[in-house]
Amino acid sequence: MKHSSAEAPRIAAIIYRADDDVDALLAEFAFARLAAGDQLGGIVQRNIKDAAGRKIDMQLIDLMTGEAIGISQTLGSGAGSCKLDAGGLAESAQAVTRAVASGTALVVINKFSKQEATGKGLRNEFAEAIVAGRPLLTAVPEKCADAWHEFVGDEGAVLPCSRAAIESWWAGIAPRLAAPSACGANVDEREHKTTC
């Protein structure tokens, strides 16, 4: 579904390929917005690599507290992959729930991937954010794009894997979040000057 920037959807998914570093892209955007004073919550992923550049650990960073949440269990020196840690996933789910409940300007959830596509992972937390009407930004691998579309229908924007696309989407959302909800509301004039 096409939207003008004036009616940018509150939900956006960055569609990415296997060779895209979407984790770094999403984290850089989130930390830049926090530095600019925006209230963000949720989680972004940090990948820990060895000297050869192989991913050896994954952490989720709680955007409200800055705490790192370990989500991978290394299977041993001979293993070529890692297993998701159930305790870490539960902790990350709580970070998203806190962000939704606190009314942050934007909820970021690092990925809607195969776990969520099959009804697991953070799928319930995605639904929580959407039902609460919170602006939501995530990343979706190409192979899960159909599952994402089935989940959100025509409600979400699909973004290419680029910082410019994310910034453009956010520029269409942020002004609406700052606008007062109704004319004539009792608002401190020192902070808000609105002509109705």
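As the structure is a prediction and not an experimental result, all values here were calculated from the model.

> Honestly, helix α5 (residues 145-152) in this entry has me stumped. Any pointers?
Counting along an α-helix, one turn takes 3.6 residues, and residues three or four places apart therefore face a common direction. Ala147, Trp148 and Val152 are the residues of α5 that are buried. The arc that holds every buried residue of α5, seen down its axis, measures 120 degrees, which confines them to one face. Counted as exposed and oriented over 90 degrees from the buried face of α5: Asp146 and Glu150. The secondary structure elements touched by the buried residues of α5 are β1 (11-16), α3 (114-117), α4 (123-131), β8 (136-141) and β9 (156-159). Gly153 occupies a position one or two residues after α5 and carries a positive phi of about 65 degrees.

> Where do I start with the pattern of salt bridges in this structure?
Close approach of charged atoms allows side chains with opposite charge to pair. Summed over the entire model, instances satisfying the criterion amount to six salt bridges. Across the pair Arg17 and Glu142 runs a salt bridge, and its minimum N-O distance is 3.3 Å. One end of the pair, Arg17, is in the loop between β1 and α1 (22-35); the other, Glu142, is in the loop between β8 and α5, and 125 residues separate them in sequence. Between Lys111 and Asp23 there is a salt bridge whose closest N-O contact spans 2.4 Å. With Lys111 in the loop between β7 (106-109) and α3 and Asp23 in helix α1, the pair connects residues that are 88 residues apart, well separated along the chain. For Lys111, a relative accessible area of 14% corresponds to the buried category.

> Looking at this structure, I do not really get the packing of helix α2 (residues 86-102) against α4. What am I missing?
For any two helices packed against each other, one specifies the inter-axial angle together with the distance between the axes. It is the contact of α2 with α4, at a shortest axis distance of 10 Å, that shows an interaxial angle of 5 degrees. Here α2 is positioned roughly parallel relative to α4, judged by the angle of their axes. Within the contact between the two elements, α2 uses Ala93, Val96, Thr97 and Val100 and α4 uses Glu125, Glu128 and Ala129. For the contact of α2 with α4, the per-class residue count stands at four nonpolar, one polar and two charged.

> What is the right way to look at the pairing of strand β2 (residues 40-49) in this model?
Consecutive side chains of a regular strand alternate in pointing toward one face of the sheet and then the other. Sheet topology note: the β2/β7 ladder contains four bridges and is parallel. Counted as the bridge partner of Ile43 is Ile109 from β7. By the bridge criterion, seven bridges tie β2 to strand β3 (residues 55-62) in an arrangement that is antiparallel. Bridging from a neighbouring strand, Asn47 pairs with Met58 of β3. Connecting β2 to the next strand, β3, in antiparallel fashion are five residues, including Gly53 with a positive phi near 90 degrees.

> Before we go on, may I ask you to explain the sheet that holds β1 in this structure?
For sheets, the rule is that strands pair by backbone hydrogen bonds, running either parallel or antiparallel. The strand order β4-β3-β2-β7-β8-β1-β9 describes an open sheet built from seven strands, whose pairing is mixed. Each of the sheet's edge strands pairs with one partner strand only, and the pair in question is β4 (68-70) and β9. In this sheet, adjacent strand axes meet at a mean angle of 25 degrees when their direction is disregarded. Of the pairings in the sheet, the one linking β3 to β4 comprises three bridges and is antiparallel in character.

So, how was this worked out
Residues numbered from 1 in each chain as written. Predicted model: local features only at pLDDT ≥ 70, side-chain atom pairs only at ≥ 80, totals over all residues. Heavy atoms only, no water. Buried < 20%, exposed > 50% of the residue type's maximum accessible area, 1.4 Å probe, protein only. Helix = DSSP H or I, 4+ residues; strand = E, 2+ residues; numbered from the N terminus. Arc of directions from axis to C-beta. Contact = heavy atoms within 4.5 Å. Salt bridge = Lys/Arg side-chain N within 4 Å of Asp/Glu carboxyl O. Axes fitted to C-alpha atoms, helices over the stretch in contact; angles between N-to-C directions. Parallel < 35°, antiparallel > 145°, perpendicular 65-115°, else oblique. Nonpolar A, V, L, I, M, F, W, Y, C, P; charged D, E, K, R; others polar. Pairing = 2+ DSSP bridges.

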